[in-house]
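Residue strings, one per chain:
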Amino acid sequence: MKVAVIIPTWNAGRMLQEALESVAAQTVRPTQVVVVDDGSTDDSVDVVSAHPAVALIRQSRCGTAAARNTGIARTDADVVAFLDVDDLWPPRSLSVRIAALREAGADGCYGVVEEFLDPAALSRPVRPRSAARVPGSILVTREALARVGGFDESLPGGEGVDWVARFDATGLRWTKVDDVVLRRRIHESNKSRDPQYAKRTGLLEVARRSIAAKRLAPSGRAHPAPARESSD
Amino acid sequence: MGSFVVPSLEIVSEVIDGEAVILDLRSGRYYTAEGVAAQVWQGATAGMQRRQIVESCRAHFPDQPSVDSDIDAFLELLVTAGLLLPEQESAGRDNPVLDWPARYSPPALQWFDDLADMMAMDPVHDAGPAGWPWSAPPPSNPPAS
């Protein structure tokens with residue numbers, strides 16, 4: 001089974017080095033590691049060149065979704081995983097997900113996400129570990145990518161949530177592992193608390209689309225846990 | 001009940017084409033309210049008094065006997081869901097003209113938790129305009145505040 005890892009980056013050389021080291025330390029080595037440099041002007045290219053097995057694609061600044069899509073187009077692997085440049089994988093991240101995906105015969109696999117504070121960030125609480133389907137924690141089959149399509153480049157953000165919502169709406173199936181598969185870096189400003197946040201970042205639009213997709217879905221369709229609850 | 005406030009900046013909503021979509025980033029849960037319900041949400045979040053909302057609705061649907069109790073039940077539901085907080089005295093905010101639908105249906109709220117794992121997890125990395133983590137090209141104009 002060929003496994004590809006796609007890492008979008010933009011001016012994040014220091015963190016890119018750490019991300020690549022965490023990929024190199026995987027107990028199952030990926031077949032392809034593709035860094036998509038989205039117009040960096042820092043030392044990102046030098047960082048990648050120190051890792052001869054890593055492919056580098058350079059493009060002008062188009063955003064995270066477009067960078068991931070560029071990487072998807074470049075790979076012919078059977079399964080694809082995504083790592084954001086500021087995040088890290090524990091050494092068994094790929095192996096446990098690949099094993100679970102195979103065993104379940106599922107279309108995608110995800111696991112537990114653990115947050116850690118960037119050394120440069122002010123101290124703040126991190127969320128407790130929890131299973132979540134963010135781009136860095138999911139591993140999906142090529143067939144699933146073909147059916148769901150790429151990340152929506154028109155969204156100002158929230159494109160990972162949108163992609164997962166479309167995966168669900170397509171009727172594809174997840175399997176989950178209880179291991180930590182992603183260590184997610186918390187920056188001082190990860191979540192802006194301003195009232196426009198969800199509009200600015202596309203999350204409200206993603207919610208609207210998801211509601212519309214549920215309306216269009218034929219009744220009785222096997223949506224995973226629609227979680228529509230009665231009110232009383 | 002007098003008027004209401006939205007109790008957290010992490011509750012965001014938009015009313016488009018007669019549908020209110022409400023997202024609670026604290027839980028990752030998102031809601032939809034259509035028709036009469038969307039207008040009640042619009043009015044309540046703009047600071048209208050419960051009485052003003054009911055009167056506006058009654059004026060549009062004079063033959064509907066259940067307007068009062070329907071709207072009360074719906075506002076109660078929004079409070080129970082943590083989306084609204086009653087306040088005794090209205091701060092006298094906006095007083096929007098509510099755009100009631102042509103046909104009356106009792107206000108209802110649907111909610112979904114299927115994307116909560118991501119919605120509540122801050123899926124967007126937005127540390128700054130000079131490099132990632134940042135999810136999109138920086139806007140040419142700063143967002144309106």
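Caption draft 1: Examining the overall build of chain A more closely. If you tally the helices and strands in chain A, you get eight helices and eight strands. Buried residues in chain A amount to 47% of all 232 residues.

Caption draft 2: Fine view of the overall build of chain B. Along chain B, the regular secondary structure elements total four helices and six strands. By the burial criterion, 43% of the 145 residues in chain B qualify as buried. A separation threshold of at least 6 residues defines the contact pool for chain B, and within that pool the share at least 24 residues apart is 65%.

Caption draft 3: Spotlight on the sheet that holds strand β4 (residues 29-34) of chain B. Overall, antiparallel pairing links the four strands, which are arranged β2-β3-β4-β6 (chain B) in an open sheet. Of all strands in the sheet, those bounded by a partner on one side alone are β2 (11-16) and β6 (110-112) of chain B. Geometrically, the sheet is characterised by an average inter-axis angle of 20° between neighbouring strands, direction not taken into account. Direction of pairing for β2(B) relative to strand β3 (residues 19-24) of chain B: antiparallel, over a ladder of six bridges. Paired with Ile11(B) across the two strands is Asp24(B), which belongs to β3(B). In the packing of helix α8 (residues 203-216) of chain A onto the sheet, contacts are made with β2, β3 and β4 of chain B, and the angle to β3(B) comes to roughly 120°.

Caption draft 4: Region of interest: the confidence of the model for chain B. Residues and elements named next belong to chain B. Across chain B, pLDDT averages 84, with 79% of residues at or above 70. Note that pLDDT drops below 50 for residues 124-128; the model gives that stretch 21 contacts with residues more than four away or on any other chain. Of the regions scoring below 50 in pLDDT, residues 133-145 engages in 26 contacts with residues more than four places distant in sequence or in other chains. Both scores are given for the predicted complex: the pTM is 0.83, the ipTM 0.83.

Caption draft 5: Broad picture of the nonpolar core. Judged by nonpolar contacts, the single largest core of 97 residues is most densely connected at Ile6(A), Ala19(A), Val80(A), Leu23(B), Val40(B) and Ala44(B). Aside from chain neighbours lying at most four places away, what touches Val80(A) is Ala4(A), Ile6(A), Ile72(A), Thr75(A), Val140(A), Arg142(A) and Leu145(A).

Caption draft 6: Focus on the packing of helix α1 (residues 36-45) of chain B against helix α3 (residues 67-80) of chain B. All names here are of chain B. The interhelical angle for the contact between α1 and α3, taken along N-to-C directions, is 65°, at an axis separation of 11 Å. Along this stretch, α1 crosses α3, giving a crossing that reads as right-handed. Residues Ala-37, Val-40 and Ala-44 of α1 form the contact with α3, whose participating residues are Ile-71, Phe-74, Leu-75 and Leu-78. A class-by-class count of the residues in the contact of α1 with α3 yields seven nonpolar, no polar and no charged.

Caption draft 7: Here's a closer look at helix α6 (residues 159-169) of chain A. The element α6(A) is largely enclosed, with a buried count of nine among its 11 residues. Restricting attention to buried positions, one finds in α6(A) the residues Glu159(A), Gly160(A), Val161(A), Asp162(A), Trp163(A), Val164(A), Ala165(A), Phe167(A) and Asp168(A). Contacts made by the buried residues of α6(A) are with α3 (64-74), β5 (108-117), α5 (142-148) and α8 of chain A together with α4 (116-119) of chain B. A positive phi of about 85° marks Gly171(A), the residue just after α6(A).

Caption draft 8: The pairing of strand β2 (residues 32-37) of chain A, seen in detail. All names here are of chain A. Burial analysis of β2 places five of its six residues in the buried class, the great majority of the element. When strand β1 (residues 3-9) meets β2, the two strands line up parallel, connected through six bridges. When the sheet's bridge partners are listed, Ile-6 is paired in β2 with Val-34. Note: β2 against strand β3 (residues 54-58), five bridges, orientation parallel. In the strand pairing of β3, Val-34 is matched with Ala-55. Of the crossover connections in this fold, the one passing from β2 over helix α2 (residues 44-49) to the parallel β3 is right-handed.

Caption draft 9: Broad picture of the environment of Ser40(A). All names here are of chain A. Looking at where Ser-40 falls in the secondary structure, it is placed in the loop between β2 and α2. Accessibility expressed as a C-beta count within 10 Å gives 22 for Ser-40, which makes it buried. Through-space distance from the C-alpha of Ser-40 to that of Arg-61 is 8.1 Å; in sequence the pair is 21 residues apart. Sequence-distant contacts of Ser-40, that is, excluding residues within four places in its chain, are made with Thr-9, Trp-10 and Asn-11.

Caption draft 10: Representation of the packing of α6(A) against α8(A) within the structure. Residues and elements named next belong to chain A. Where α6 meets α8, the closest approach of the two axes is 10 Å, and the angle between their N-to-C directions is 10°. Taken as axis vectors, α6 and α8 run roughly parallel relative to one another. On the side of α6, the interface is formed by Val-161, Asp-162, Ala-165 and Ala-169, while α8 contributes Leu-203, Val-206, Arg-209, Ser-210 and Ala-213. Each residue belonging to the contact of α6 with α8 can be placed in one class, and the counts come to six nonpolar, one polar and two charged.

Caption draft 11: Highlighting helix α2 (residues 50-60) of chain B. Residues and elements named next belong to chain B. Buried within α2 are the following residues: Arg-50, Ile-53, Val-54, Ser-56 and Cys-57. Taken down its axis, α2 places every buried residue within 165° of arc, on the same side. In this structure, α2 carries Arg-51 and Ala-59 as exposed residues pointing more than 90 degrees from its buried face.

Caption draft 12: Molecular detail of the pairing of β5(A). All names here are of chain A. Bridging between β5 and strand β7 (residues 139-141) involves two bridges; their strand directions are antiparallel. Looking at the pairing, Gly-108 lines up with Val-140 of β7. Bridge count for β5 against strand β8 (residues 174-186) is nine bridges, and the pairing is parallel. Looking across to β8, one finds that Val-112 is bridged to Val-180.

Procedures and definitions
Residues numbered from 1 in each chain as written. Chains lettered and ligands numbered in written order. Predicted model: local features only at pLDDT ≥ 70, side-chain atom pairs only at ≥ 80, totals over all residues. Helix = DSSP H or I, 4+ residues; strand = E, 2+ residues; numbered from the N terminus. Buried ≥ 20, exposed ≤ 12 C-beta atoms within 10 Å, placed from the backbone. Contact = placed C-beta atoms within 7 Å. Pairing = 2+ DSSP bridges. Axes fitted to C-alpha atoms, helices over the stretch in contact; angles between N-to-C directions. pLDDT = per-residue confidence, 0-100. Core = buried A, V, L, I, M, F, W, Y, C linked by C-beta atoms within 7 Å. Left-handed = near helix turned anticlockwise from the far one by under 90°. Nonpolar A, V, L, I, M, F, W, Y, C, P; charged D, E, K, R; others polar. Right-handed = clockwise from strand over helix to strand, strands pointing away. Parallel < 35°, antiparallel > 145°, perpendicular 65-115°, else oblique. Arc of directions from axis to C-beta.

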